[in-house]
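A closer look at the structure
Below, each chain spelled out in residue letters.
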Amino acid sequence: MTLNKPSVIVTRKLPEAVETRMMELFDVRLNADDTPFDREALGNALASCDVLVPTLTDTLDGDLLSASGISARLISNFGNGTDHIDVVAAQTAGIAVTNTPDVLTEDTADMAMALIVAVPRRLVEGARIIKEDRFTGWSPTHMLGRRMSGKRLGIIGMGRIGFAVAKRARGFGMTAHYHNRHRLLPEIEQEVEATYWESLDQMLARMDVISIHCPHTPATFHLLSERRLKLLKEDAYIVNVARGEIVDEDALIRMLETGALAGAALDVFEHEPAVNPKLLALDNVTLLPHMGSATIEGRVAMGEKVIINIKAFVDGHRPPDRVLPS
Ligand code: DGY
């Protein structure tokens with residue numbers, strides 16, 4: 001595709017600097033009031049632009065992408081995860097897909113590390129005691145949590161974010177362990193002194209904290225199934241800043257309710273944006289509204305990536321962040 005000013009539809013409100021640059025470069029339709037597109041609006045958008053810029057709140061499934069009359073040739077996703085897009089259907093329909101990797105690695109790893117500390121050290125519970133004016137003074141047995149130093153962190157998915165979490169965890173005196181589709185090169189493993197576990201089951205049974213950093217794909221749906229969750233130690237914690245669908249949330253709730261697991265910190269949910277009310281009732285759980293990568297710097301950098309991908313594509317080059325069916 002070589003176009004002077006491609007028509008671009010953006011489904012959600014983006015940072016001002018990104019929208020301004022897009023208006024300079026493209027014939028762009030923005031979403032000033034940030035109302036999410038429904039299915040019909042998504043279908044209409046695909047049929048009336050050259051480039052669609054969706055986010056993880058837009059489900060672009062096979063039916064939508066195989067509809068007749070689609071004009072879009074590129075889906076330049078504002079986000080890293082592309083599990084809301086049927087990439088195979090897009091390819092079949094002749095639509096390229098790109099995403100925004102790398103630029104949210106550090107922010108997401110910061111949030112994961114914050115949660116890895118927050119749950120065992122009971123930060124949110126403690127803050128609530130102050131807010132609710134229930135602090136009656138120090139006592140030797142009040143609000144006891146668990147020490148981080150010397151604990152084993154099991155990372156599921158040792159891509160960029162998993163590795164960045166391993167680096168941070170070392171600073172807290174934790175040892176890094178990981179399960180990944182492929183083992184890292186020895187020199188990279190050595191950088192964070194990480195131990196590779198080929199068997200996820202075996203790793204789960206020995207960890208103090210589990211942090212999830214793999215993408216959500218058909219192969220990782222309920223990777224932490226009830227059977228696997230039951231392998232965890234009773235005093236273990238789970239942190240998820242990746243995707244809710246990777247954990248069997250009902251099974252996790254049952255275990256948290258019965259004390260079969262010490263606690264969990266979830267930034268993502270299986271039926272997002274719905275949050276299971278049973279989670280809200282639990283004290284040993286910290287819940288966040290999918291804000292792992294939510295920094296101004298990160299969002300602007302994501303927007304810049306979207307723009308670079310669109311520019312490359314419309315200039316007839318291979319976009320740097322092309323996503324291919326796996
Ligand atoms: C992504 O880009 O996939 C993230 O989940 C957004 O925070």
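First, a word on what this report is: a plain description of the structure on this page. (Residues numbered from 1 in each chain as written. Predicted model: local features only at pLDDT ≥ 70, side-chain atom pairs only at ≥ 80, totals over all residues. Heavy atoms only, no water.)

We now examine unusual backbone geometry. Omega for the peptide link from Glu-272 to Pro-273 comes to 5 degrees, which places this bond in the cis form. With respect to the helices, strands and loops of the structure, Pro-273 is situated in the loop between β11 (263–266) and α12 (277–280). Even without being a glycine, Asp-102 presents a positive backbone phi close to 75 degrees. You can see Asp-102 is positioned in the loop between β5 (96–98) and α5 (105–118). The backbone of Arg-122 sits at a positive phi, close to 60 degrees, despite the residue not being glycine. Among the structural elements, Arg-122 can be located in the loop between α5 and α6 (123–131). Residue classification places Arg-122 among the partly exposed residues on the basis of a relative accessible area of 24%. (Helix = DSSP H or I, 4+ residues; strand = E, 2+ residues; numbered from the N terminus. Buried < 20%, exposed > 50% of the residue type's maximum accessible area, 1.4 Å probe, protein only.)

To continue, consider the packing of α5 against helix α7 (residues 160–171). Close contact between α5 and α7 brings their axes to 8 Å; oriented N to C, the two are set at 50 degrees. Looking at the two axes, α5 sits oblique to α7. Of the two possible hands of crossing, α5 and α7 adopt the one that is right-handed. Along the contact surface, α5 presents Thr-105, Glu-106, Thr-108, Ala-109, Asp-110, Ala-112, Met-113 and Ile-116, while α7 presents Arg-160, Ile-161, Ala-164, Val-165, Arg-168 and Ala-169. Residue composition of the contact of α5 with α7, by class: eight nonpolar, two polar and four charged. (Axes fitted to C-alpha atoms, helices over the stretch in contact; angles between N-to-C directions. Parallel < 35°, antiparallel > 145°, perpendicular 65-115°, else oblique. Left-handed = near helix turned anticlockwise from the far one by under 90°. Contact = heavy atoms within 4.5 Å. Nonpolar A, V, L, I, M, F, W, Y, C, P; charged D, E, K, R; others polar.)

A few words now on the sheet that holds strand β6 (residues 152–156). Taken in spatial order, the seven strands of this open sheet run β8-β7-β6-β9-β10-β11-β12, and their pairing is parallel. The open sheet is flanked by β8 (195–196) and β12 (285–287), the only strands paired with a single partner. Here strand β7 (residues 175–179) runs beside β8; their pairing, made up of two bridges, is parallel. Across the sheet, the residue bridging to Tyr-178 is Tyr-196, located in β8. Taken strand by strand, helix α11 (residues 249–258) contacts β10 (237–240), β11 and β12, and its axis lies near 140 degrees from that of β11. (Pairing = 2+ DSSP bridges.)

Another aspect to go through is empty space enclosed by the protein. Enumeration according to the criterion identifies one cavity of 30 Å³ or more in this entry. Size it by volume and the largest cavity reaches roughly 30 Å³. In terms of lining, the largest cavity is formed by Asn-240, Gly-244, Val-247, Glu-249, Leu-252, Leu-266 and Val-268. Class assignment for the residues of the lining of the largest cavity results in four nonpolar, two polar and one charged. (1 Å grid on protein atoms, 1.4 Å probe; cavity = no way out; pocket = protein on both sides within 12 Å on 5 of 7 lines; lining within 4 Å. Points joined across faces, edges and corners; volume = space filled by probe spheres on them.)

Topologically, Thr-100 is positioned in the loop between β5 and α5. According to the relative accessible area criterion, Thr-100 is buried, its value standing at 0%. The contacts of Thr-100, once residues within four sequence positions are left out, are Asn-77, Phe-78, Gly-79, Asn-80, Met-302, Lys-305 and Val-306.

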